[in-house]
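A closer look at the structure
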Amino acid sequence: MCRSHTIASVRVETLGSGTPAIAVVGGVHGDEPCGQVAIDRFLERDPDLDRPVRFVVANEEALSRGSRYVERDLNRVLPGDPESDIHEERLAVELLEAVEGCTPLGIHSTRSYAEPFGVLADPTPAKRRLFRRMNVSAVLDTTGLSSGRCVDHGFLDVEAGLQGTDQAADNAVLCIESFLAATGALESDVSIAETGTETILYEVTDIIEKEPESEYRFLAENFEWVEAGTVYAERDDEPMTADEAFVPALSSSDGHASILGYRTRPAGVL
């Protein structure tokens, strides 16, 4: 049984009977449609779940425009303000209300990496255990990186693939399935827990800032070592050389206006 309702601009659908303790969220960013597409595909199957699950499409107005946000980045303004004149600040309150009492999975996409990987803050044993059972081979620990993000409010986020691609939507469906399998809501063979694949945790150590008015080209590979002395990017056709070894993550030439990406270091198996 699927129950649907709308909290202002947040679309909420509940599958199964009872009060959900699990939620799946897509559409936090309007230029990342894979989460909404994956949720709709999954719901169209009318799957038989062992536990009730809440499905949330967070920012339908931004999705309809194909823009990251309407006025402010929703993933930077949580917990929000119900009295605000800013669309996303009001929406942030409604999003947290929609997932209250739930362990939420947020689905995103990126311009930096084609394979699914996880993002979290404050990696508790419970969060580690869930990600170990999901179809991701890397998890990025962004504790303390910024404020107002979904991961700062208990979300497990997944970057499902390259923004705007069919593959990202396909990957997002698999992420939903493996998350629901890991939380006991769905019988599925998607989980990689028994394959022997190790999920590596990477800690962010530094932000690679962009200088205003400069053009950048990222040359390295995400989640692969950049050794000291290696050219990993170009700024205005001039080489950027690593002072010390690091592993880049969420790094791309044009994925973010002011950030080239993140320097990280492996912190062991999740």
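Criteria and cut-off values
- Residues numbered from 1 in each chain as written.
- Predicted model: local features only at pLDDT ≥ 70, side-chain atom pairs only at ≥ 80, totals over all residues.
- Heavy atoms only, no water.
- Domains from an automatic or database assignment.
- Contact = heavy atoms within 4.5 Å.
- Buried area = accessible area lost by both parts, 1.4 Å probe.
- Buried < 20%, exposed > 50% of the residue type's maximum accessible area, 1.4 Å probe, protein only.
- Helix = DSSP H or I, 4+ residues; strand = E, 2+ residues; numbered from the N terminus.
- Pairing = 2+ DSSP bridges.
- Expected span 1.5 Å × (residues − 1).
- Axes fitted to C-alpha atoms, helices over the stretch in contact; angles between N-to-C directions.
- Parallel < 35°, antiparallel > 145°, perpendicular 65-115°, else oblique.
- Left-handed = near helix turned anticlockwise from the far one by under 90°.
- Nonpolar A, V, L, I, M, F, W, Y, C, P; charged D, E, K, R; others polar.
- Salt bridge = Lys/Arg side-chain N within 4 Å of Asp/Glu carboxyl O.
- Phe/Tyr/Trp six-rings, centres within 6.5 Å; stacked < 30°, edge-to-face > 60°.
- Lys NZ or Arg CZ within 6 Å of the ring centre and 35° of its normal.

Here we take up the domain arrangement of the protein. Along its sequence, the protein is carved into domain 1 (3-194) and domain 2 (206-264). For domain 1 versus domain 2, the separation of C-alpha centres amounts to 27 Å. At the junction of the two partners, domain 1 supplies 9 residues and domain 2 supplies 11 residues. In this assembly, domain 1 packs against domain 2 so that about 900 Å² is buried in total across both faces, 75% of it on carbon and sulfur atoms.

Here we come to the pairing of strand β5 (residues 103-110). A large share of β5 lies buried, amounting to 7 of its 8 residues. Pairing of strand β3 (residues 22-26) with β5 involves 4 bridges; the strand directions are parallel. Following the sheet pairing, V25 is matched in β5 by G106. Bridge count between β5 and strand β8 (residues 156-162): 5 bridges; the pairing is parallel. Looking at β8, one finds that G106 is bridged to D157.

A few words on helix α5 (residues 166-182). Across its 17 residues, α5 extends 24 Å between first and last C-alpha, which sits within 8% of the 24 Å expected from 1.5 Å per residue. Of all 17 residues in α5, 13 are buried, a share of seventy percent or more. Two residues or fewer after α5 comes G184, characterised by a positive phi angle close to 80 degrees.

Let us look at the packing of helix α1 (residues 34-44) against α5. The contact between α1 and α5 brings their axes to 8 Å, and the two run at 60 degrees. Compared by their axis directions, α1 and α5 come out oblique. For the pair α1 and α5, the crossing hand works out as right-handed. Contacts between α1 and α5 pair C34, V37, A38, I39, R41 and F42 from the former with A168, A169, D170, A172, V173, I176, E177 and L180 from the latter. Here the residues of the contact of α1 with α5 are counted per class, giving 11 nonpolar, no polar and 3 charged.

Moving on to unusual backbone geometry. Cis peptide bonds are those with omega within 30 degrees of zero, and the linkage from L78 to P79 qualifies with 10 degrees. Among the structural elements, P79 can be located in the loop between α2 (60-65) and α3 (87-98).

So, on to the sheet that holds strand β10 (residues 216-218). Spatially, 3 strands are ordered β10-β11-β12 in an open sheet, and the strand pairing comes out antiparallel. A strand with exactly one partner marks an edge of an open sheet, and here the two such strands are β10 and β12 (238-241). The sheet shows a mean angle of 30 degrees between the axes of neighbouring strands, taken without regard to direction. Two strands pair when backbone bridges link them, and β10 and strand β11 (residues 231-235) are joined in this way by 3 bridges, in the antiparallel orientation. Its bridge partner lying in β11, R217 is registered against E234.

This part covers the pattern of salt bridges. Applying the stated criterion across every chain yields a total of 14 salt bridges. Salt-bridge contacts for E60 lead to R11; the nearest nitrogen and oxygen are separated by 3.0 Å. Note that E60 is positioned in helix α2 and R11 in strand β2 (residues 10-15), a separation of 49 residues in sequence. Between D170 and R41 there is a salt bridge, with its nearest N and O atoms 2.7 Å apart. In this pair, D170 is assigned in helix α5 and R41 in helix α1, connecting sequence segments 129 residues apart. The partly exposed category is assigned to D170, whose relative accessible area is 34%.

This part is about the packing of aromatic side chains. On inspection of all chains with the given rule, the structure shows 6 aromatic pairs. For the pair F42 and F55, a centre-to-centre distance of 5.7 Å together with 40 degrees between the ring planes defines the contact as tilted. Here F42 is found in helix α1, whereas its partner F55 is found in strand β4 (residues 53-57), with 13 residues between them in sequence. On the basis of an interplanar angle of 70 degrees and a centroid distance of 5.1 Å, the ring pair of Y113 and F223 is categorised as edge-to-face. Highlighted residues: Y113 in the loop between β5 and β6 (117-120) and F223 in the loop between β10 and β11, separated in sequence by 110 residues. Accessibility expressed as a relative area gives 11% for F223, which makes it buried. An aromatic cluster of at least three residues, connected via ring pairs, comprises Y113, F117, Y202 and F223. Over the aromatic face of F246 sits the side chain of R263, whose NZ or CZ is 5.4 Å from the ring centroid.

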